[in-house]
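Remarks on the overall topology
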Amino acid sequence: RYYKNIDGWRWTGFLLAMIGAFILTGGNPDTQWLGWAVGMFSCSIWIYMGYKDRDVPRALMEIMYLCLSIRGIINWLEW
């Protein structure tokens, strides 16, 4: 089966995505940069998984989210 060997990185990426979404939807502007940062790490894991699985559309989608996460961090910290 294709996903027979699901390793811990997939679960880590999922958990980080959930934590990032929780922080971002908390409504506290002071901590939203942290949500974007956690999302950035989650996207990085999923980009690697898309590359590893040769799933180009998923990897490209995650690259887009990674770029938006970096943009979110820059905007919230006003760099």
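Residues numbered from 1 in each chain as written. Predicted model: local features only at pLDDT ≥ 70, side-chain atom pairs only at ≥ 80, totals over all residues. Heavy atoms only, no water.

Re the overall build of the chain
In terms of helices and strands, the chain carries three helices and zero strands. Reading the secondary structure of the chain in the N-to-C direction produces α-α-α. In terms of its C-alpha atoms, the chain occupies a principal-axis envelope of roughly 45 × 20 × 15 Å. Evaluated residue by residue, the chain yields a buried proportion of 30% over its 79 residues. Taking contacts inside the chain between residues at least 6 apart in sequence as the whole, the part at least 24 apart equals 57%. A total of about 5900 Å² of accessible surface is found on the chain, and carbon and sulfur atoms cover 69% of it. The centroid of the 7 positive side-chain charges in the chain is displaced by 14 Å from the centroid of its 6 negative side-chain charges. (Helix = DSSP H or I, 4+ residues; strand = E, 2+ residues; numbered from the N terminus. Buried < 20%, exposed > 50% of the residue type's maximum accessible area, 1.4 Å probe, protein only. Contact = heavy atoms within 4.5 Å. Areas by Shrake-Rupley, 256 points an atom, 1.4 Å probe, with all protein chains shown as cover. Lys, Arg positive; Asp, Glu negative; His and termini not counted. Charge placed at Lys NZ, Arg CZ, Asp CG, Glu CD.)

Some remarks on the state of the cysteines
Tallying each qualifying case throughout the model produces zero disulfides. Counting only cysteine sulfurs, Cys-43 is the nearest neighbor of Cys-67, a cysteine outside any disulfide, at a range of 9.3 Å. What makes Cys-67 partly exposed here is its relative accessible area of 47%. (Disulfide = S-S within 2.5 Å.)

Quick notes on helix H3 (residues 56-77)
In this model, H3 (22 residues) spans 32 Å end to end at C-alpha, consistent with the 32 Å of a helix rising 1.5 Å per residue. Those residues of H3 that sit buried are Arg-58, Ala-59, Glu-62, Leu-66, Ser-69, Gly-72 and Ile-73. Angular distribution of buried residues about the axis of H3 spans 130°; they occupy a single face of the element. Away from its buried face by more than 90 degrees, H3 exposes Val-56, Pro-57, Leu-60 and Arg-71. In this fold, the buried residues of H3 make contact with helix H1 (8-24) and helix H2 (32-52). Following H3 by one or two positions, Glu-78 has its phi on the positive side, about 50°. (Expected span 1.5 Å × (residues − 1). Arc of directions from axis to C-beta.)

Thoughts on the environment of Ile-23
Locating Ile-23 in the fold gives a position in helix H1. For Ile-23, a relative accessible area of 17% gives the class buried. Sequence-wise, Ile-23 and Glu-62 are 39 residues apart; in three dimensions their C-alpha atoms are separated by 19 Å. Sequence-distant contacts of Ile-23, defined by excluding residues within four places in its chain, comprise Thr-31, Gln-32, Leu-34, Gly-35 and Val-38.

Some points on the packing of H1 against H2
Packed helix pairs are specified by the crossing angle of their axes together with the interaxial distance, meaning the distance between the axes. Two elements in contact, H1 and H2, have axes separated by 8 Å at closest approach and are oriented at 155°. With respect to H2, the axis of H1 lies roughly antiparallel. Our pair here, H1 against H2, has a crossing hand that is left-handed. Contacts between H1 and H2 involve Trp-9, Arg-10, Thr-12, Gly-13, Phe-14, Leu-16, Ala-17, Ile-19, Gly-20, Ile-23 and Leu-24 on the former and, on the latter, Gln-32, Leu-34, Gly-35, Trp-36, Val-38, Phe-41, Ser-42, Ile-45, Trp-46 and Met-49. (Axes fitted to C-alpha atoms, helices over the stretch in contact; angles between N-to-C directions. Parallel < 35°, antiparallel > 145°, perpendicular 65-115°, else oblique. Left-handed = near helix turned anticlockwise from the far one by under 90°.)

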